[in-house]
Amino acid sequence: MRRVEALEILADATADLPVVVTCAATSRELAAVADRPNHLYLLDAMGLAGSVATGLALAVADAPVERVVAIEGDGSLLMNPNVLPTGGHLRPRKLLMVLLDNAVYGSTADLPTYAAGLDLGGVAAACGWAVRRADDPGTLRRAFAEARAADGPVLLHVRIAPGNAPDVPRLLEDPVVLGRRFRDWLAERA
Ligand SMILES: [Mg+2]
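The notes below deal with the structure included here. (Residues numbered from 1 in each chain as written. Predicted model: local features only at pLDDT ≥ 70, side-chain atom pairs only at ≥ 80, totals over all residues. Heavy atoms only, no water.)

1. Side note on the environment of G152
Topologically, G152 is positioned in the loop between α7 (137-149) and β8 (154-159). With 37 residues separating them along the chain, G152 and R189 place their C-alpha atoms 20 Å apart. Once residues within four sequence positions are removed from consideration, G152 is found in contact with R91, P92, R93 and L95. (Helix = DSSP H or I, 4+ residues; strand = E, 2+ residues; numbered from the N terminus. Contact = heavy atoms within 4.5 Å.)

Below you can see the structure in the form of structure tokens.
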């Protein structure tokens, strides 16, 4: 399964949820699949999707927002692995992090990450996260539904193939505009 195929499934499954997306190819591909105000693209903020989503999940703990979804990459999570013990410690019940793990830095010539020899789902489990796994479209749809129904913090570990989708335009919108659009969407619900 390619990243863009996983993102098509995730876009379908998250139209009513706030989604915090890691930078570079993942944000570009999600915006190409479906650019919606419930998406917060963390342009250039590598490593922070989980942290931002953790804060949001805590902030909406008592609001009518079912889950806060982070879409993270393996290289990005490995830049800030502290998000895993932090989630295990704070236990944000609404936090659902989807880890798209291709074991490479997809935006820098597919250089290998530590995930090539490290089970990040196992690391999350050791930190106290509930872990679900998927490696094809069918298991991803089912595992996302299970993860959404479970109390967080939940990590959905998705194995994907290396490689970026071709001909995806750059995401050049002003981050201030993107942030305001997301905040307005969330404020109507929370
Ligand atoms: Mg990667």
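2. Digging into the sheet that holds strand β2 (residues 39-41)
Taken together, the six strands give an open sheet; going across it, the order is β2-β1-β3-β4-β8-β7, and neighbouring strands pair in parallel fashion. The two strands at the open ends of the sheet, each matched to only one other strand, are β2 and β7 (130-134). Averaged over all neighbouring strand pairs, the angle between strand axes comes to 20 degrees, with direction disregarded. Contacts from α7 reach β3 (68-73), β4 (95-101), β7 and β8, with the element oriented near 165 degrees to β7. Sheet strands in contact with helix α8 (residues 175-187) are β1 (19-21) and β2, and its direction is about 155 degrees off that of β2. (Pairing = 2+ DSSP bridges. Axes fitted to C-alpha atoms, helices over the stretch in contact; angles between N-to-C directions.)

3. Concerning the coordination of the magnesium ion
Every protein donor of the magnesium ion is listed here as D74 (OD), N102 (OD1) and V104 (O), and their distances to the metal cover 2.2 Å. Binding-site remark: the magnesium ion is held by donors from one chain whose sequence spacing is D-x27-N-x1-V. Taken together, the residues span a long stretch of sequence, with D74 in helix α4 (residues 74-79) and V104 in strand β5 (residues 104-105) at a distance of 30 residues. A residue is classified by how much of its surface remains accessible, and D74, at 1% relative accessible area, is buried. For V104, a relative accessible area of 12% corresponds to the buried category. (Donors = N, O, S within 2.8 Å, 3.2 Å for Na, K, Ca; no water. Buried < 20%, exposed > 50% of the residue type's maximum accessible area, 1.4 Å probe, protein only.)

4. Side note on the pairing of β3
Extensive coverage of β3 is indicated by the burial of six of its six residues. Burial along β3 is two-sided: the face carrying V68, A70 and E72 and the face carrying V69, I71 and G73 are both buried. Bridge analysis of β1 against β3 gives three bridges, and the strand direction is parallel. If you follow V19 over to β3, its bridge partner there is V69. With six bridges connecting them, β3 and β4 associate as parallel partners. Paired with V69 across the two strands is L96, which belongs to β4.

5. Re the pattern of salt bridges
Counted by the stated rule, this structure contains 13 salt bridges. Close ionic contact of R3 with E29 constitutes a salt bridge, the shortest N to O distance being 3.0 Å. Of this pair, R3 sits in helix α1 (residues 3-13) while E29 sits in helix α2 (residues 25-33), and the two are 26 residues apart along the sequence. The class of R3 is buried, set by a relative accessible area of 5%. R180 is the partner of D184 in a salt bridge, and the nearest nitrogen-oxygen pair spans 2.9 Å. Pair noted here: D184 and R180 are both in helix α8, with a separation of four residues, about one helical turn. In this structure, a network of salt bridges that share partners links the residues D101, D119, R133 and R159. (Salt bridge = Lys/Arg side-chain N within 4 Å of Asp/Glu carboxyl O.)

Limitation: the analysis is restricted to geometry and does not speak to function.
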